[in-house]
Amino acid sequence: MDEEFRSLADRLADEAEAAGQSAAFRALLATEDTEALARVLVEHERPLWAREMAAFRLGCDGDRRAFEALVLLLNHRDPGRCVSAAHALERLGDPRTPRAAAALATNSLRTAYALHPVRLLTALRAPESVPALMSTLERLLAPGEPYWRVALACVEGLGQLGDERARPVLAAAAAHPRLGGAARDALARLSAA
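Owing to the predicted nature of the structure, the values given are computational and were not obtained by experimental measurement. (Residues numbered from 1 in each chain as written. Predicted model: local features only at pLDDT ≥ 70, side-chain atom pairs only at ≥ 80, totals over all residues. Heavy atoms only, no water.)

Engineer: Any chance you could explain the environment of Glu17 here in plain terms?
Structural biologist: With respect to the helices and strands, the residue Glu17 is situated in helix α1 (residues 3–18). Residue Glu17 is classed as exposed on the basis of its relative accessible area of 54%. Note: C-alpha distance between Glu17 and Arg110 (93 residues apart in sequence) is 31 Å. (Helix = DSSP H or I, 4+ residues; strand = E, 2+ residues; numbered from the N terminus. Buried < 20%, exposed > 50% of the residue type's maximum accessible area, 1.4 Å probe, protein only.)

Following this line, the structure appears as structure tokens:
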């Protein structure tokens, strides 16, 4: 059990216990039956903790049946669910993942939940990554935007990705009080590349 799986299991054990479903949790945690895990994703009236456990386990094992559930969890209001989904999506290796993460990161109506899609795009280093991070960052540089942590993740991601196309938006971010230091670091990384 890796660190991400242990963290997920601890969090979901608490949810299952609060719902009086500890035995069901233990059974789902222990099963090696991928068909049983896949059924959890489509059966009616399954609790969210069970669907998350099944999707995480299937995704980490490279089973693409988990993709849709993981994308929904990546855009969840609970940051713990987003972190676990991003981890599983990265391990899943589904070619649809970059496009889905880019759609979530650039959706102006879901910016409050875009931090983990942005970080996933950076980790994936896909063709969609730089354009999506640039687009999101440009929008978040507008005066009065409250999502500076998402903007900071964009700046840091663009620095890690090292693509010259990001230079203008990083230069604009350098003037932002909360983003300036990270933007200057990202620009220095571009110059050093």
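Now that the structure has been shown, we can carry on.
Engineer: Teacher, can you tell me more about the nonpolar core here?
Structural biologist: Proteins that are soluble and globular tend to have nonpolar side chains buried together. The biggest cluster of nonpolar side chains holds 64 residues, and the ones touching the most others in it are Leu70, Leu89, Leu137, Leu158 and Leu170. Beyond its immediate sequence surroundings of up to four residues, Leu70 is in contact with Ala55, Phe56, Gly59, Ala85, Ala88, Leu89 and Leu92. (Core = buried A, V, L, I, M, F, W, Y, C linked by side-chain atoms within 4.5 Å. Contact = heavy atoms within 4.5 Å.)

Engineer: Would you explain the packing of aromatic side chains in this entry?
Structural biologist: We describe a pair of aromatic rings using the distance from one ring centre to the other and the angle between the two ring planes. A complete count under the given rule lists 2 aromatic pairs for this structure. Ring geometry for Phe5 and Phe56: centres 5.7 Å apart, planes at 25°, overall stacked. Separated by 51 residues along the polypeptide, Phe5 in helix α1 and Phe56 in helix α4 (residues 48–60) bring together distant segments of the chain. As far as the burial class goes, Phe5 and Phe56 line up, both buried. Above the face of the Phe67 ring, Arg96 is positioned so that its terminal group lies 4.0 Å from the ring centre. (Phe/Tyr/Trp six-rings, centres within 6.5 Å; stacked < 30°, edge-to-face > 60°. Lys NZ or Arg CZ within 6 Å of the ring centre and 35° of its normal.)

Engineer: Is there a simple way to think about unusual backbone geometry in this case?
Structural biologist: Note: most peptide bonds trans; most residues except glycine with negative phi. Unusually for a residue other than glycine, Glu45 sits at a positive phi of about 65°. Structurally, the position occupied by Glu45 is in the loop between α3 (34–42) and α4. Not every positive phi belongs to a glycine, and Arg125 is a case in point at roughly 50°. By the element assignment, Arg125 lies in the loop between α8 (115–124) and α9 (129–140). The exposure class of Arg125 is exposed, given its relative accessible area of 52%.

Engineer: Can you help me understand helix α12 (residues 180–192) in this one?
Structural biologist: Along an α-helix, residues three or four positions apart point the same way, because every turn accommodates 3.6 residues. Helix length check: α12 (13 residues) gives 18 Å between terminal C-alpha atoms against 18 Å at 1.5 Å per residue, within 8%. All buried positions along α12 are accounted for by Gly180, Ala183, Ala186, Leu187 and Leu190. In an axial view of α12, the angular spread of the buried residues amounts to 125°, which keeps them on one side of the axis. Projecting away from the buried face of α12 at angles above 90 degrees are the exposed residues Asp185 and Ala192. (Expected span 1.5 Å × (residues − 1). Arc of directions from axis to C-beta.)

Engineer: Is there a simple way to think about the pattern of salt bridges in this case?
Structural biologist: Side chains that differ in charge, positive against negative, can pair when their charged atoms come close. Overall, the coordinates contain 14 salt bridges when judged by the stated rule. The closest approach of N and O atoms between Asp2 and Arg91, which form a salt bridge, is 3.2 Å. With Asp2 in the segment before α1 and Arg91 in helix α6 (residues 79–92), this residue pair connects regions lying 89 residues apart in the sequence. Overall, Asp2 belongs to the partly exposed group, its relative accessible area being 32%. The class of Arg91 is partly exposed, set by a relative accessible area of 44%. Across the pair Asp94 and Arg96 runs a salt bridge, and its minimum N-O distance is 2.8 Å. (Salt bridge = Lys/Arg side-chain N within 4 Å of Asp/Glu carboxyl O.)

Engineer: What is the right way to read α9 from this model?
Structural biologist: Its 12 residues give α9 an end-to-end C-alpha distance of 17 Å, which sits within 8% of 16 Å, the value for a rise of 1.5 Å per residue. Taken residue by residue, α9 has Ser129, Val130, Ala132, Leu133, Met134, Thr136, Leu137 and Leu140 as its buried positions.

Engineer: I tried to follow the side chain of Asp94 on my own but got confused; where do I start?
Structural biologist: When you line up the elements, Asp94 lands in the loop between α6 and α7 (97–106). One polar contact links Asp94 to Arg96, side chain to side chain, over a distance of 2.8 Å. In contact with Asp94, other than residues within four places in its own chain, are Arg64 and Phe67. (Polar contact = N/O pair within 3.5 Å; in protein donor to acceptor, adjacent residues only side chain to side chain.)

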